[in-house]
Amino acid sequence: MPRSTALYFLQALKNNIREYWWKSMVQYHENIVGLDAAIFMHPTVWKASGHVDAFSDPMIDNKDSKKRYRADVLIEEYIQKTEDKISKEVEKARVRFGETFDETMYRETNPRVKEYLEKITAVKHRFYPALDRNDLADVKLLIEELGIVCPVSGTKNWTEVRQFNLMFSTQMGSVNEDASEIYLRPETAQGIFVNFLNVQKTARMKIPFGIAQTGKAFRNEIVARQFLFRMREFEQMEMQFFVKPGEEMKWYEYWKEERMKWHLSLGMPANKYRFHDHDKLAHYANAAADIEFEFPIGFKEIEGIHSRTDFDLSAHQKFSGKKIQYFDTEQNESYVPYVVETSIGLDRTFLAVLSHAYREEKLEDGSDRVVLGIPARLAPIKVAVLPLVKKDGLPEKAREIMDKLMYDHRCFYEEKDTIGRRYRRMDALGTPYCITIDHQTLQDNTVTIRDRDTMLQERIGMEQVSSVVSGRIAG
Ligand code: ATP
């Protein structure tokens, strides 16, 4: 693929995911409105939200490899590995016992599984309270006691654990003395909270309602590895849903389910997703869960759903000295709304779609093909317009079709090479439909439409192409 096509392709896929999220949240919900808040905000915003004091991760260095790690991630990976061992034992037993297998009983009675479970519980009971107390010495001790080694050096030669604030800061103001320290936003959510009344009043929204936003967030991650999975500059797609106090759990469950449905609508199999309910809640939350996706590096968080109580709005009310309340005309009372948030990473979704889409196939005739099975609604190029040969008036006819179709769909025109080679190139680019113009087209205005996944071809009228493609994309 030429470099310019590759760059366009990546950008287009990201745009399509963002647009699909935006449509699903803002266009398909009458009670959700969109916003584009600032990246730089008054530093007090980040004091109020707790980010200045508490948005940090515990870090630890290995003295031999000089590699730096998140101490909490090392322990969580240890727990995950133990859980994986349990799953392996369970799967082995399932095969051994066949239909009579009772998983619950097995988990409760098998000595090895019991031992693993007890170990996990003991680690959690020690680790989460230690984090809450900010007892970093105990976190280090736990890493040592569990025998966790550096994956690079293989040693346990660890430094002390230290807290590391993840916000990037810079100076605002032209003269040094006047300059004040400001932060690049580490999440888009706070821009929504400080604009809550502004949006609610101008859009005349009634609770329950949501405010959605997409945009860049910046975190000075201790370990920014694993390709797009963890970056220091990334994009979030967030929605804060404002509800009556006491109704937050109902809405929390509702959004958990809705968001999982959205992921499934992308066309990837259900067994690639799972919920992970948080054991340890952030200071602002009374319930939280992640939607995890099975990336090539294992099951990892792709989206968080958090019930954030009235923590944020109350904190901004306190720090700004301005009332941030909603007047409920039905109840005739004012209150600070509770918030349920859905927060998904655009780059992680991009990575999920792309890594799942790639496949190599052996065809019946013995040849190979590479296919990017990107869901049609997200595909960067929806339709390729291909004249069978470069003569006999076929290119002119194909251009005629292209000129109309390009207003409805992102199209790609190509006349170079054999039709077979062009199909393969489109398969590898993830283009779901190829329209081929042949000699019959000149006689009866019909074309063939070829499906990327099934490779089946059908003849349809030239005029139908746009609606057929739209219908298939919508599924
Ligand atoms: P993690 O536990 O992986 O650090 P988080 O719980 O801090 O993630 P949130 O603050 O809930 O993440 O952010 C919401 C979403 O933003 C995440 O589900 C993820 O998709 C995305 N995200 C967070 N940090 C990064 C990052 N450094 N790079 C890419 N995407 C990120």
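Residues numbered from 1 in each chain as written. Predicted model: local features only at pLDDT ≥ 70, side-chain atom pairs only at ≥ 80, totals over all residues. Heavy atoms only, no water.

J.: Talk me through the pattern of salt bridges; I want residue IDs and the actual numbers.
T.: Taken as a whole and assessed by the stated rule, the structure comprises 46 salt bridges. The partner of Arg-259 in a salt bridge is Glu-303, and the shortest N-O contact between them spans 2.8 Å. Here Glu-303 lies in strand β11 (residues 298–309) and Arg-259 lies in helix α10 (residues 248–265), a separation of 44 residues in the sequence. An identical accessibility class is assigned to Arg-259 and Glu-303; each is buried. A salt bridge links Asp-368 to Lys-362, with the shortest nitrogen-to-oxygen separation between them at 2.7 Å. Asp-368 sits in the exposed class, given a relative accessible area of 51%. It is possible to trace a salt-bridge network through shared partners that takes in Arg-359, Glu-361, Arg-369, Arg-424, Asp-427, Arg-450, Arg-452 and Asp-453. (Salt bridge = Lys/Arg side-chain N within 4 Å of Asp/Glu carboxyl O. Helix = DSSP H or I, 4+ residues; strand = E, 2+ residues; numbered from the N terminus. Buried < 20%, exposed > 50% of the residue type's maximum accessible area, 1.4 Å probe, protein only.)

J.: How would you sum up the layout of surface pockets? Please name residues and give values.
T.: Here the idea is plain: a probe the size of a water molecule rolls over the atoms and shows the empty space left. The computed volume of the second largest pocket comes to approximately 370 Å³. Put simply, the parts of the chain that give the lining of the second largest pocket at least two residues each are α1 (3–27) and α16 (465–474). A per-element tally of the lining of the second largest pocket places α1 first, with five residues. The residue inventory of the lining of the second largest pocket, partitioned by class, reads six nonpolar, three polar and six charged. (1 Å grid on protein atoms, 1.4 Å probe; cavity = no way out; pocket = protein on both sides within 12 Å on 5 of 7 lines; lining within 4 Å. Points joined across faces, edges and corners; volume = space filled by probe spheres on them. Nonpolar A, V, L, I, M, F, W, Y, C, P; charged D, E, K, R; others polar.)

J.: Lay out the side chain of Lys-382 with the relevant residues and their values.
T.: Within the secondary structure layout, Lys-382 lies in the loop between β16 (368–372) and β17 (383–387). Although Lys-382 lies buried, it forms no salt bridge, and the closest oppositely charged side chain, Glu-19, sits 7.9 Å away as judged by the N-O distance. A distance of 3.2 Å separates a polar side-chain atom of Lys-382 from the backbone oxygen of Arg-377. Setting aside chain neighbours within four positions, we find Lys-382 in contact with Asn-16, Ala-376, Arg-377, His-409, Arg-410, Thr-431, Pro-432, Tyr-433 and Ile-473. (Lys, Arg positive; Asp, Glu negative; His and termini not counted. Polar contact = N/O pair within 3.5 Å; in protein donor to acceptor, adjacent residues only side chain to side chain. Contact = heavy atoms within 4.5 Å.)

J.: Can you explain the site of the ligand? Please cite residues and give values.
T.: Around the ligand sit 17 residues, and of these Arg-219, Glu-221, Arg-230, Met-231 and Glu-301 come closest. Arg-230 has a polar side-chain atom sitting 2.8 Å from an oxygen atom of the ligand. Met-231 is positioned with one of its backbone polar atoms (N or O) 2.8 Å from a nitrogen atom of the ligand. Within the residue set of the shell around the ligand, elements represented by two or more residues are β8 (233–243), β11 and β14 (338–345). Looking at the shell around the ligand element by element, the count peaks at five residues for β11. Class assignment of the residues belonging to the shell around the ligand gives a composition of five nonpolar, five polar and seven charged. (Near = heavy atom within 4 Å.)

J.: Report on the packing of helix α4 (residues 71–97) against helix α6 (residues 111–132), specifying residues and quantitative values.
T.: Viewed as axis vectors pointing N to C, α4 and α6 meet at an angle of 160°, and their least axial separation amounts to 10 Å. Between α4 and α6, the angle is such that the two are roughly antiparallel. Like other packed secondary-structure pairs, α4 and α6 cross with a definite hand, here left-handed. Across the interface between the two elements, Asp-72, Ile-75, Glu-76, Tyr-78, Ile-79, Thr-82, Glu-83, Lys-85, Ile-86 and Glu-89 from α4 touch Arg-112, Val-113, Tyr-116, Leu-117, Lys-119, Ile-120, Val-123, Lys-124, Phe-127 and Tyr-128 from α6. Counted by class, the contact of α4 with α6 contains 11 nonpolar, one polar and eight charged residues. (Axes fitted to C-alpha atoms, helices over the stretch in contact; angles between N-to-C directions. Parallel < 35°, antiparallel > 145°, perpendicular 65-115°, else oblique. Left-handed = near helix turned anticlockwise from the far one by under 90°.)

J.: So, the domain arrangement of the protein: which residues are in play, and what are the values?
T.: Its domain assignment divides the protein into domain 1 (1–40 + 187–272 + 286–362) and domain 2 (375–474). One C-alpha centre belongs to domain 1, the other to domain 2, and the line joining them spans 36 Å. Summed over both sides, the interface of domain 1 with domain 2 buries roughly 1100 Å², with 66% coming from carbon and sulfur. Counting the contacts that link domain 1 with domain 2 gives one salt bridge. In this structure, Asp-453 and Arg-359 form a salt bridge, with 3.1 Å as the shortest nitrogen-oxygen distance. For the interface between domain 1 and domain 2, the tally reads five residue pairs in polar contact (both at pLDDT 80 or more). In the side of domain 1 that touches domain 2, the residues fall into nine nonpolar, three polar and one charged. (Domains from an automatic or database assignment. Buried area = accessible area lost by both parts, 1.4 Å probe.)

J.: Hey, could you go over the packing of aromatic side chains for me, with residue numbers and the actual values?
T.: In total, this model carries 19 aromatic pairs according to the counting rule given. Relative to Phe-101, the ring of Phe-97 lies with its centre 6.2 Å away and its plane at 5°, an arrangement referred to as stacked. When its relative accessible area of 14% is taken as the criterion, Phe-101 is described as buried. Lying across the ring of Phe-229, Arg-348 places its NZ or CZ 3.7 Å from the centre. (Phe/Tyr/Trp six-rings, centres within 6.5 Å; stacked < 30°, edge-to-face > 60°. Lys NZ or Arg CZ within 6 Å of the ring centre and 35° of its normal.)

J.: Would you mind going over the packing of α6 against helix α7 (residues 136–145) in detail, with residue names and values included?
T.: At a closest axis distance of 9 Å, the pairing of α6 and α7 adopts a crossing angle of 155°. In this view, α6 runs roughly antiparallel relative to α7, as classed from their interaxial angle. The chirality of how α6 crosses α7 is left-handed. Residue-level inspection shows Val-123, Arg-126, Phe-127, Ala-130 and Leu-131 of α6 in contact with α7, the latter providing Asp-138, Val-139, Leu-141, Leu-142 and Glu-145.

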